[in-house]
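Secondary and tertiary structure notes
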Amino acid sequence: MSSASESPSSASAIDWDALRSVATAAMGKAYAPYSKYPVGAAAIATDGRIVSGCNIENASYGVTLCAECSLVTDLIMGGGGRLVAFTCVDGNGNVLMPCGRCRQLLFEHSDAGMLLETVSGIRTIDQVLPDAFGPRQLDEYKADSE
């Protein structure tokens with residue numbers, strides 16, 4: 001694996017079952033009257049907090065909030081930090097892969113090497129969003145231009 005395997009947030013150090021249970025509890029609070037497809041997400045922040053979120057639909061579909069957006073709101077409202085491990089489940093408790101938009105959202109708030117539980121196993125954020133652009137790249141650019 002990448003350098004994430006050397007950090008305290010290595011895949012073996014994460015209790016994925018417990019994290020999935022938090023995601024499932026969040027999914028139980030989803031508001032999905034239109035799609036009938038509730039989604040819950042949970043993640044661990046750098047300070048050890050567990051944050052969670054669920055999808056919140058709207059009759060005007062464009063303003064629907066996904067579970068990942070709700071989770072990032074919980075992260076920021078709880079004091080910020082970076083995400084180190086993430087999982088997402090559907091209404092049957094099955095692990096989901098975040099869509100491309102949500103991968104970008106997660107990348108923005110991830111610690112380097114954040115781990116995701118995916119349908120194909122544990123992956124790093126860089127594996128599920130290769131060549132991503134976000135705050136770390138802006139910091140590198142700034143450092144290079146000074």
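Everything here concerns the structure above.
Owing to the predicted nature of the structure, the values given are computational and were not obtained by experimental measurement.

Turning to the pairing of strand 3 (residues 83-90), a few remarks are in order. Counting buried positions along strand 3 gives eight out of eight residues, so the element sits mostly inside the fold. Judged from the seven bridges that link them, strand 1 (residues 39-45) and strand 3 form a sheet pairing that is antiparallel. By the bridge assignment for strand 3, A41 is matched with C88. Regarding the hand of the β-α-β motif, the stretch spanning strand 3, helix 3 (residues 100-108) and strand 4 (residues 110-118) is right-handed.

The computed volume of the largest pocket comes to approximately 240 Å³. What lines the largest pocket is a set of 16 residues, and nearest its centre among them are V39, C66, A67, E68 and C102. Residue composition of the lining of the largest pocket, grouped by class: eleven nonpolar, three polar and two charged.

In summary, the side chains of a regular strand alternate between the two faces of the sheet. Of all nine residues in strand 4, seven are buried; the element is thus mostly enclosed. Strand direction decides the pairing type here: strand 3 and strand 4, joined by three bridges, are parallel. Residue pairing in the sheet places F86 in a bridge with L116 of strand 4. Relative to strand 5 (residues 121-124), strand 4 runs antiparallel, the two sharing four bridges. The residue bridging L115 from the neighbouring strand is T124, located in strand 5. Where strand 4 folds back onto strand 5 in an antiparallel hairpin, the turn is made up of two residues.

Reading guide: rules and limits
Residues numbered from 1 in each chain as written. Predicted model: local features only at pLDDT ≥ 70, side-chain atom pairs only at ≥ 80, totals over all residues. Heavy atoms only, no water. Buried < 20%, exposed > 50% of the residue type's maximum accessible area, 1.4 Å probe, protein only. Helix = DSSP H or I, 4+ residues; strand = E, 2+ residues; numbered from the N terminus. Pairing = 2+ DSSP bridges. Right-handed = clockwise from strand over helix to strand, strands pointing away. 1 Å grid on protein atoms, 1.4 Å probe; cavity = no way out; pocket = protein on both sides within 12 Å on 5 of 7 lines; lining within 4 Å. Points joined across faces, edges and corners; volume = space filled by probe spheres on them. Nonpolar A, V, L, I, M, F, W, Y, C, P; charged D, E, K, R; others polar.

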